[in-house]
Amino acid sequence: MTTTEPLDVLDVQPTPLALLLLGRESDPRSERGVDCPGDLPAASDPDLVERARAAKAKLGSRVFILGHHYQRDEVIEFADVTGDSFKLARDAAARPEAEFIVFCGVHFMAESADILTSGDQAVILPDLAAGCSMADMATAEQVAECWDVLTEAGVAGTTVPVSYMNSSADIKAFTGRHGGTICTSSNAERALEWAFSQGEKVLFLPDQHLGRNTAVRDLGLSLDDCVLYNPHKPNGGLTVQQLRDAKMILWRGHCSVHGRFSIDSVEDVRARIPGVNVLVHPECKHEVVSAADYVGSTEYIIKALDAAPAGSAWAIGTELNLVRRLAKAHPDKQIVFLDKTVCFCSTMNRIDLPHLVWTLESLADGKLVNRIQVDEETERFAKLALEQMLALP
């Protein structure tokens, strides 16, 4: 079984502030609503490893296990493929012979896999509590109310919704109903270019940072072209004139891990490590992205480290499980976590070896558990939006 590397390998120091329980307290230095769950629990009982191997072997080709890059090593060990959310959903669709798709990720990812796979396949999430704080920041009711606000302002007819893959099936369906598209952090620029060829404005859901960074950094729009719609305020906290003047209407959502990184993190690591390359995910705040040397998706980050010369130094602004895995895979390079305190994705880490073993043993015993199913109407419109993304030039 893969063991956990010491945190000091990544120049990460667990502090009392960092070791807070999610939802109990928050780090006042981080973005509002961003909590740090602290360190991972100890590795699971080695007996579970043998049980997982036995159950997987018993199921054989009937099961296909997907592991997101942010999963802990003890889960990744049993994944048939690893990747980001959309890559994994497509991998699942490419395995029609697999009766069971076990998605080691979070809820919206399993929904996407269910949408893209056949009705004969069952998509399973080992722990139903593995959600996504970003996806939860945009509910169907809130987005419908937002569209009513845009309609009353007279701009809905010229607004094209673009929703990040990190959204619920309901939000993807809303996007499909209104002629929009889904995007990933890899193709957000192409998605926005397409959207602006279809209309005058974009409603970007649910991650404000990816929308803002793509619009300003990649498309050359200004920060003044962007307004922030807050679903907890009347009319989103915006005037009719602001909605009419804006080109990008950004939903007030963010990633609870990437939103944690600050400009102080960048300045601190540059002071500590001369010549360090700062590489961050585009879900980070605009000032962090602007201060970084490189910006890209999870897959981009992995490829950049693979191609980096020996002896180079890198500070990575993304989830700590992945950063630690990259540091272990590249001992010839200095790879550190951009933030000085420990912060894992708490919802991703709900998928642990005990949950995976329970899932596999249940399936091996003929018991279908934790199936994720999207209703037919939602699936139909969500698939329209996903297919539009696949059709992007």
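Keep in mind that this is a model prediction, so the values were computed, not measured.

This brings us to the overall build of the protein chain. Scanning the protein chain from terminus to terminus reveals 16 helices and 13 strands. A total of 393 residues make up the protein chain; the buried ones form 59% of that total. At a minimum sequence separation of 6, the contacts of the protein chain that also span at least 24 residues come to 68%. As presented, the protein chain carries roughly 15,900 Å² of accessible surface, and 49% of it is formed by carbon and sulfur atoms.

In globular proteins that are soluble, nonpolar side chains generally tend to be buried together. One finds Phe204, Met248, Val280 and Leu338 to be the most contacted residues of the largest nonpolar core, which totals 109 residues. With six residues, helix 15 (residues 353-364) is the largest single contributor of residues to this core. Setting aside residues up to four positions removed in sequence, Val280 forms contacts with Val288, Val289, Ala292, Tyr294, Val295, Gly296, Ile301, Gly317 and Leu338. Core analysis: the next-biggest nonpolar cluster, separate from the first, contains 20 residues, Ile171, Leu205, Leu243 and Ala246 among them.

On to the UniProt feature "binding site: iminosuccinate" (unreviewed entry) in the protein chain. Residues annotated in UniProt with the feature "binding site: iminosuccinate" (unreviewed entry) correspond here to His68, Ser85, Tyr164, Met165, Asn166, Ser185, His281, Pro282, Glu283 and Thr298. Mapped onto the fold, Asn166 is located in the loop between strand 5 (159-164) and helix 7 (169-177). Residue classification places Asn166 among the buried positions, given a relative accessible area of 12%. Non-local contacts of Asn166, meaning those with residues more than four positions away in its chain, are made with Ser85, Phe108, Met134, Ala135, Pro206 and Glu283. Examined against the element boundaries, Thr298 turns out to sit in helix 13 (residues 298-307). Judged by its relative accessible area of 5%, Thr298 is buried. Residue contacts for Thr298: discarding those within four places in its chain leaves His69, Tyr70, His281 and Leu322. Separated by 3.3 Å, the side chains of Thr298 and Tyr70 make a polar contact.

For the rest of this paragraph, the subject is helix 16 (residues 376-390). Taking 1.5 Å of rise per residue, the 15 residues of helix 16 would be expected to cover 21 Å, and the 20 Å separating its terminal C-alpha atoms lies within 8% of that figure. Those residues of helix 16 not exposed but buried are Thr378, Phe381, Ala382, Ala385, Leu386 and Met389. Projected onto a plane normal to the axis of helix 16, the buried residues spread over an arc of 140° and lie on a single side. Exposed side of helix 16, more than 90 degrees from the buried face: Glu376 and Arg380 are the residues found there. Where helix 16 is buried, its residues meet helix 3 (85-93), helix 4 (107-116), helix 7 and strand 6 (181-183).

What follows concerns the pairing of strand 5. Burial runs high along strand 5: six of the six residues are buried. What you see with strand 5 is no split at all: Thr159, Pro161 and Ser163 on one side and Val160, Val162 and Tyr164 on the other are buried throughout. As defined by bridge partners, strand 5 adjoins strand 7 (residues 201-205) across five bridges and the pair is classed as parallel. From the neighbouring strand, Val162 faces strand 7, where its bridge partner is Phe204. Sheet topology note: the strand 5/strand 6 ladder contains three bridges and is parallel. Paired with Tyr164 across the bridge in strand 6 is Cys183. Between the parallel elements strand 5 and strand 6, the chain passes through helix 7 in a crossover that is right-handed.

Looking now at the sheet that holds strand 5. For sheets, the rule is that strands pair by backbone hydrogen bonds, running either parallel or antiparallel. Spatial ordering of the open sheet is given by 6-5-7-9-8, a layout of five strands whose pairing is parallel. Pairing within the sheet leaves two strands with one partner each, and these edge strands are strand 6 and strand 8 (226-229). Averaged over all pairs of adjacent strands, the angle between strand axes in this sheet comes to 25°, irrespective of strand direction. Relative to strand 5, helix 8 (residues 188-198) is tilted by about 165°, and along the sheet it contacts strand 5, strand 6, strand 7 and strand 9 (248-251). Along the sheet face, helix 9 (residues 208-218) touches strand 5, strand 6, strand 7, strand 8 and strand 9 and points at about 155° away from the line of strand 9.

Rules and cut-offs
- Residues numbered from 1 in each chain as written.
- Predicted model: local features only at pLDDT ≥ 70, side-chain atom pairs only at ≥ 80, totals over all residues.
- Heavy atoms only, no water.
- Helix = DSSP H or I, 4+ residues; strand = E, 2+ residues; numbered from the N terminus.
- Buried < 20%, exposed > 50% of the residue type's maximum accessible area, 1.4 Å probe, protein only.
- Contact = heavy atoms within 4.5 Å.
- Areas by Shrake-Rupley, 256 points an atom, 1.4 Å probe, with all protein chains shown as cover.
- Core = buried A, V, L, I, M, F, W, Y, C linked by side-chain atoms within 4.5 Å.
- UniProt positions renumbered as here; feature names shortened; annotations may be inferred.
- Polar contact = N/O pair within 3.5 Å; in protein donor to acceptor, adjacent residues only side chain to side chain.
- Expected span 1.5 Å × (residues − 1).
- Arc of directions from axis to C-beta.
- Pairing = 2+ DSSP bridges.
- Right-handed = clockwise from strand over helix to strand, strands pointing away.
- Axes fitted to C-alpha atoms, helices over the stretch in contact; angles between N-to-C directions.

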